[in-house]
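Overview (structure and organization)
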Amino acid sequence: MLDLTRLQALRAVATFGTVTAAAGALHCTPSAISQHLAKLERETKAILVEKDGRTLRLTEAGRVLVEHAGRVLDAVEEAEAALAAHRETVSGHLSVASFPTACRGLLPHALRALAVDHPGLEPTLQESDRQACLDGIVRGTIDVALIDEWLEIPVHVPPGVAVSELGLDVGDLILPAGHRLAESVGPVPLEEVHEERWIGSKPGTVCSEWLRRMLPGVHPTIMVNEFETQLTFVAEGLGVAFIPRLARTALPAGVTARPITPEAARRVSVAWRASAAGRPAIGATVAALRDAWRHRAIFTLSSGWDAGQGAVHVV
């Protein structure tokens, strides 16, 4: 019978490309990974990996085995989740990842609630961008992730990942208090601010993608990723900015926020491996994140979100 630990080592090498990276993901030594691979090749009487420069690549036999190993290991995770659900205990290690603004706007409330309600749970948190969060879930290095996507730019969710929407985070135009549009009535049309001096995030970030898509040709003169820093520049009259409400606490003096048309909103969702859905720790964390979202009363919630249980989509 094939050893699960060795199958896990093979899948990790297939996912990460090197023995060292696979060892880091599985929290063991590179020599342990090499030993698992050697034993697995002896057991299967087949060459499973071969060198490709500085990385390893699967042979045809390796690809066949990894495909089956994925299903086997997913089934094992489902069994472990079912057993944990049977015990009904929320405990153990849990890796959480989130895009930056949700780290500040949602995670403090959620992690505090988990610490009070489930002291046996040991969550860790890392700040990551959307793609890194999804990659981590697929690879098994992240258990629960908060991800965002602009409605105009849908995100590809990998197979085997469950996603549940929390709601919509609306973005506003941020203006100096003395700006000609600061006291305007109704939403500000985007075309009216195309020629303004813009303060924005660095290229490659989600908000930078949105700005360049909605206002082609706009090139911010000040580019900083921290929204709090953007607000200080706006307060000094150095330009205007677009900032989602989740990224804001209180507006500083000398700054005003105006809605825009067309309205801009990003979908905020929580994601996890579908095979781990039965883990009580996953359910408790998702519930804590929903409560944190409800706690942020300034958000516009999506019409499809129910306060009790959001719809779960599994790819």
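Right above here is the structure, for reference.
Since the structure is predicted, the reported quantities are computational estimates derived from the model, not experimental observations. (Residues numbered from 1 in each chain as written. Predicted model: local features only at pLDDT ≥ 70, side-chain atom pairs only at ≥ 80, totals over all residues. Heavy atoms only, no water.)

Quick look at the state of the cysteines now. Under the definition given, this model contains 0 disulfides. Looking at C133, it has no disulfide partner, and the nearest cysteine sulfur is the one in C103, 8.2 Å off. (Disulfide = S-S within 2.5 Å.)

Right, let's get into unusual backbone geometry. Between T261 and the following residue, P262, the backbone shows a cis peptide bond with an omega angle of 0°. Phi angles above zero are rare outside glycine, and H27 is one such case at about 60°. Summarising the element assignment, H27 is placed in the loop between α2 (19-26) and α3 (30-44). Phi is positive for K45, close to 55°, though the residue is something other than glycine. With respect to the helices and strands, K45 occurs in the loop between α3 and β1 (49-52). (Helix = DSSP H or I, 4+ residues; strand = E, 2+ residues; numbered from the N terminus.)

Looking now at the environment of P259. Counting through the fold element by element, P259 comes out in the loop between β11 (255-258) and β12 (260-261). When the C-alpha positions of P259 and G171 are compared, they lie 7.5 Å apart, and in sequence the two are 88 residues distant. The residues contacting P259, other than those within four sequence positions of it, are D172, P187 and V188. (Contact = heavy atoms within 4.5 Å.)

Attention shifts here to the pattern of salt bridges. For the coordinates displayed, the defined rule picks out 14 salt bridges. Linking R63 and E60 is a salt bridge whose minimum nitrogen-to-oxygen distance equals 2.8 Å. On the criterion of helical spacing, the pair formed by R63 and E60 is a turn pair, its members being 3 residues apart in helix α4 (residues 60-87). Overall, the relative accessible area of 45% leaves R63 in the partly exposed class. The partner of R104 in a salt bridge is E226, with the nearest N and O atoms 3.9 Å apart. Of this pair, R104 sits in helix α5 (residues 100-105) while E226 sits in the loop between β9 (222-223) and α9 (227-235), and the two are 122 residues apart along the sequence. By relative accessible area, which is 33% here, R104 ends up partly exposed. (Salt bridge = Lys/Arg side-chain N within 4 Å of Asp/Glu carboxyl O. Buried < 20%, exposed > 50% of the residue type's maximum accessible area, 1.4 Å probe, protein only.)

Helix α10 (residues 280-295) packs onto helix α6 (residues 107-117) with a crossing angle of 130° between their chain directions and a minimal axis gap of 8 Å. On the basis of the axis angle, α6 is oblique to α10. The handedness of the crossing between α6 and α10 is right-handed. Facing L107, H109, A110 and L114 of α6, the residues of α10 in contact are A284, T285, A288, L289, D291, A292 and H295. A class-by-class count of the residues in the contact of α6 with α10 yields 7 nonpolar, 3 polar and 1 charged. (Axes fitted to C-alpha atoms, helices over the stretch in contact; angles between N-to-C directions. Parallel < 35°, antiparallel > 145°, perpendicular 65-115°, else oblique. Left-handed = near helix turned anticlockwise from the far one by under 90°. Nonpolar A, V, L, I, M, F, W, Y, C, P; charged D, E, K, R; others polar.)

Further remarks concern the packing of helix α1 (residues 4-16) against α2. Put simply, α1 and α2 touch, their axes get as near as 8 Å, and they point 120° apart. The orientation of α1 relative to α2 falls into the category oblique. By crossing handedness, the relation of α1 to α2 is classed as right-handed. Along the contact surface, α1 presents Q8, A9, A12, V13 and F16, while α2 presents A21, A22, A25 and L26.

Another aspect to go through is the pairing of strand β5 (residues 144-150). Of all 7 residues making up β5, 7 are buried, and the element is well covered by its neighbours. Burial of β5 is two-sided: the residues V144, L146, D148 and W150 facing one way and the residues A145, I147 and E149 facing the other way are all buried. Relative to β5, strand β3 (residues 92-98) is paired through 3 bridges, and the arrangement is parallel. Of the residues in β5, the one forming a bridge with V96 is V144. Note that β5 and strand β13 (residues 264-273) share 7 bridges and pair antiparallel. Across the sheet, the residue bridging to E149 is R267, located in β13. (Pairing = 2+ DSSP bridges.)

What follows concerns α1. Counted at 1.5 Å a residue, the expected span for α1 with its 13 residues is 18 Å, and the 18 Å between its end C-alpha atoms agrees. Just downstream of α1 lies G17, where phi reads positive at about 90°. (Expected span 1.5 Å × (residues − 1).)

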